[in-house]
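# Per-entry structural report
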Amino acid sequence: MKEIIIKSADSIRILAAAMVEKAKSGHPGGAMGGADFVNILYSEFLNYDPDNGNWQHRDRFFLDPGHMSPMLYSILAFAGYYNMDDLANFRQWGSTTPGHPEADPSRGVENTSGPLGMGHTNAVGAAIAERFLVARFGEDHAHKTYAFISDGGIQEEISQGAGRIAGYLGLHNLIMFFDSNDIQLSTETNAVTHEDTAMKYQAWGWNVMTINGNDADEIREALKKANQETERPTLIIGKTIMGKGALADDGSSFERQSSTHGMPLSDAGASYEKTIKNLGGDPHNPFVIFEDVQAWWDKINDSKRQVAKEKNAVLAKWEAENPELAQKHRDFFSGKAPEIDFSAIPQKNNIASRAASGAVLAYMAENVENMIVASADLSNSDKTDGFLKKTTQFVKGDFSGAFLQAGVSELTMGAIANGMALHGGIIPVCATFFVFSDYMKPAVRLAALMELPVKYVWTHDAFRVGEDGPTHQPVEQEAQIRLLEKLKNHSGHRSMLVLRPADALETSVAWKMALENTSTPTALLLSRQNIPDLPAATNRYQEALGAEKGGYIVYKDDGLIDLVLVGNGSEVSTLYDGSRLLHERKGLRVQVVSVISEGLFREQDQAYQEEVLPPGLPTLGLTAGLPVTLSGLVGPIGKVLGMESFGYSAPAKVLDEKLCYTAENVYNQVLKFMDQ
């Protein structure tokens, strides 16, 4: 048995080296060193169904160092998800084996990994999701979440947030292997750090073990102990050998070389041919699985099928005994938005959109049972406390509530939310001040790439944050995040929905849009200050439903229109007030437009777009962000009034006056614009 285990691990090394060599691009060294761990994990511990990668009750494996994809694709080939042609086409156009893995559970890939630190933080989110679901459906639905991290991931700052939160919550269902080979891309790790990683994780409340990460027996024993742990997440520090098995031209060892981290063996200074021969392979025909290795894995995969079959039988019995819970479980994992009557949610008059969002969240806390809300230590300011007041926060041993106090760690929170969405069965929401979305952008970008329906609540959306000053006043952030509305995902759709509602009831509609958007992330940009309600011809909520087309006419004077005023968020009410001055003083007939999402608006038919923004008419936009935010809406003869500097520290009303965000200034600017 020991011989076949070693041969299987060496097969992973051969395939990993061959994939990179053929592609003339990639990272073979780490994959060759980590092969022993994944070999034991997949063959002896990880529960999966070789015939159904999407099996809900599988254990999850999250790869953090995406550059080690050759290792992942190789072990997944043994598990039945890839073939040798897939591996031979590594990093090529149209292949199923991109240079860094992209989420595809049907092929065993749980997460899109690349930016270091993200993958294991996704695993924390998935482990939280599992505990949340077990608290509602019972231990029959329990499973393990495994993560694989490297020196780089340990060093990325996000690892502190992930380690702290996992330890605080006692996520004993989380087991992480640290591939500690002491080699980085350009140097050895001792050139950048002398920290005691084991003590750091122990201080966070983790169960920590240090082993020889290339010894199958030690790996097996560590995984057994980790699976028996009932109080703490586990970190297995595996001391591994970068480029294990690599040889130089003279037949000497070429292991532990930084050069093998990020280039083919032949470019790194090793001998590709001698390395493959040393590992038992044929350098002229490396893309094969040895017959005895294949036979061994056939037996393993048959046993995996049997375990899945037995688990499914247990769950079928549970479903028969618990029909209502079973239906709820199916609903959670259906990917469909729950049906909510947003018109029934009461909203106070003339309130901040963050407060209006809080009212919606309070309602959803009692009506959307699989929603988890997280806040970066700002729940009373971002108004997610509306949700928290109707539930409880997660604590060690108790996941009956639905609120995650993430602490001051926006990037960690965003990556955890991605992990929840990747796990399935959860609607994740995370909140902070909009200006701190800068800390979250890497996680948001990955959510867009992975097409995850995470909801972002970003409050304090403009300079009207006031006395806190420019460090807390977003100016350029809206322009940045709306770029993702212009970028298509791999499905060919707009990669994100960004919504900045203009009053309380438009905020209710924005939340309706967010909840019903089940295919991409959604951002809600919400005000700190109160906003006057927009006028209603009959029913403001029904009229605000126009936002579901991305933009709509808020108000229109009778007769032929002379000009159009367009904006979103807080500025729409200012434009409306300015339109009344223009009508009263100059007899101008004005159309006021709210465009909550330009990306969505531009997907409407041309006739509708021209009805809302008639071509050929003077169009003036007003934004609290950069003018470019609205430049695509005002047209060639239009003009945008916006911020061209950072904000200042002063009360919000003073800032509006000083920065000319008033109805009077709209009036004056329109007259100048019309003259021109």
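So, here is what we can say about the structure in this document. (Residues numbered from 1 in each chain as written. Predicted model: local features only at pLDDT ≥ 70, side-chain atom pairs only at ≥ 80, totals over all residues. Heavy atoms only, no water.)

### Some remarks on the side chain of S409
To keep it simple, the criterion reads: Numbering of helices and strands runs from the N terminus, with a helix taken as a DSSP run of H or I at least four residues long and a strand as a DSSP run of E at least two residues long. Only protein chains enter the accessibility calculation, which uses a 1.4 Å probe; a residue is then buried when its area is under 20% of its type maximum, exposed when over 50%, and partly exposed in between. Contacts described as polar in this section are N or O atom pairs within 3.5 Å, which, within protein, must combine one atom able to donate a hydrogen with one able to accept it, while residues neighboring in sequence count only if both atoms come from side chains. When checking whether two residues touch, look at their non-hydrogen atoms; a contact exists if any pair is within 4.5 Å.
Position of S409 relative to the elements: it lies in the loop between β7 (403-405) and α17 (410-423). For S409, a relative accessible area of 10% puts it in the buried group. One polar contact links S409 to R164, side chain to side chain, over a distance of 3.0 Å. In this structure S409 touches R164, I165 and A376, once residues within four positions along its chain are discounted.

### Some thoughts on the pairing of strand β9 (residues 455-459)
Rule in force here: Two strands qualify as a pair provided that DSSP identifies no fewer than 2 bridges between them. The handedness rule is simple: strands pointing away from the viewer, and a clockwise path from the first strand over the helix to the second, make the crossover right-handed.
Across the 5 residues that make up β9, a large majority, 5, are buried. Burial along β9 is two-sided: K455, V457 and T459 facing one way and Y456 and W458 facing the other are all buried. In the sheet, strand β8 (residues 427-433) pairs with β9 via 5 bridges, with the strands oriented parallel. Residue pairing across strands places V429 opposite K455, the latter belonging to β9. The parallel pair β8 and β9 is bridged by helix α18 (residues 441-450), and the resulting crossover is right-handed. Two elements, β9 and strand β11 (residues 522-525), share 4 bridges in a ladder whose sense is parallel. Looking at β11, one finds that K455 is bridged to T522.

### Side note on the sheet that holds strand β10 (residues 497-499)
Quick note on the threshold: Note on definitions: angles span 0 to 180 degrees between N-to-C directions of axes, and those axes are lines fitted to C-alpha atoms, for helices only across the stretch in contact.
With parallel pairing, 6 strands are arranged side by side in an open sheet as β7-β6-β8-β9-β11-β10. Across the chains shown, the open sheet's two edge strands, defined by having one partner strand only, are β7 and β10. Averaged over all pairs of adjacent strands, the angle between their axes in this sheet comes to 15 degrees, without regard to strand direction. Where helix α19 (residues 477-486) meets the sheet, its contacts fall on β9, β10 and β11, and the angle it forms with β10 comes to roughly 140 degrees.

### Re the environment of S570
Structurally, the position occupied by S570 is in the loop between β13 (563-567) and α22 (571-586). Overall, the relative accessible area of 5% leaves S570 in the buried class. Discounting residues that sit within four places of it in the chain, S570 has contacts with D461, R464, R500, S527, Q529 and I531.

### Quick look at the pattern of salt bridges
To keep things clear, this is the line we draw: Salt bridge, as used here: a side-chain nitrogen of Lys or Arg that lies within 4 Å of a carboxyl oxygen of Asp or Glu.
Overall, the coordinates contain 33 salt bridges when judged by the stated rule. Between D302 and R305 there is a salt bridge; the shortest N-O distance is 3.0 Å. Of this pair, D302 and R305 both sit in helix α12 (residues 291-321), separated by 3 residues, roughly a single helical turn. According to the relative accessible area criterion, R305 is partly exposed, its value standing at 32%.

### Let's talk about the sheet that holds strand β2 (residues 145-150)
In any sheet, the strands associate via hydrogen bonds between backbone groups, in a parallel or an antiparallel arrangement. Within the open sheet, the 5 strands sit side by side as β1-β2-β3-β5-β4. Their pairing is parallel. This sheet does not close on itself; its edge strands, each paired only once, are β1 (60-63) and β4 (207-212). Direction aside, neighbouring strands of the sheet carry axes that sit 20 degrees apart on average. The sheet contact formed by strand β3 (residues 174-180) and strand β5 (residues 234-239) spans 6 bridges and is parallel. Following the sheet pairing, M176 is matched in β5 by L235.

### Structural notes on the layout of surface pockets
Heads up, the rule is: The pocket and cavity definitions rest on a 1 Å grid over protein atoms only: a 1.4 Å probe that fits but cannot leave marks a cavity, an open set with protein on both sides within 12 Å along at least five of seven lines marks a pocket, and residues lining either have an atom within 4 Å of a point. Grid points are joined across faces, edges and corners, and a volume is the space filled by probe spheres set on the points. Residues are sorted three ways: Asp, Glu, Lys and Arg are charged, Ala, Val, Leu, Ile, Met, Phe, Trp, Tyr, Cys and Pro are nonpolar, and all the rest, Gly among them, are polar.
The volume enclosed by the largest pocket comes to roughly 880 Å³. Contributing to the lining of the largest pocket are 37 residues, with F332, F333, S334, G335 and G425 lying nearest its centre. Going through the elements one at a time, α13 (323-333), α17 and β8 are the ones with two or more residues in the lining of the largest pocket. For the lining of the largest pocket, the leading source of residues is α13, giving 5 residues. Looking at the lining of the largest pocket residue by residue, the class counts come to 16 nonpolar, 12 polar and 9 charged.

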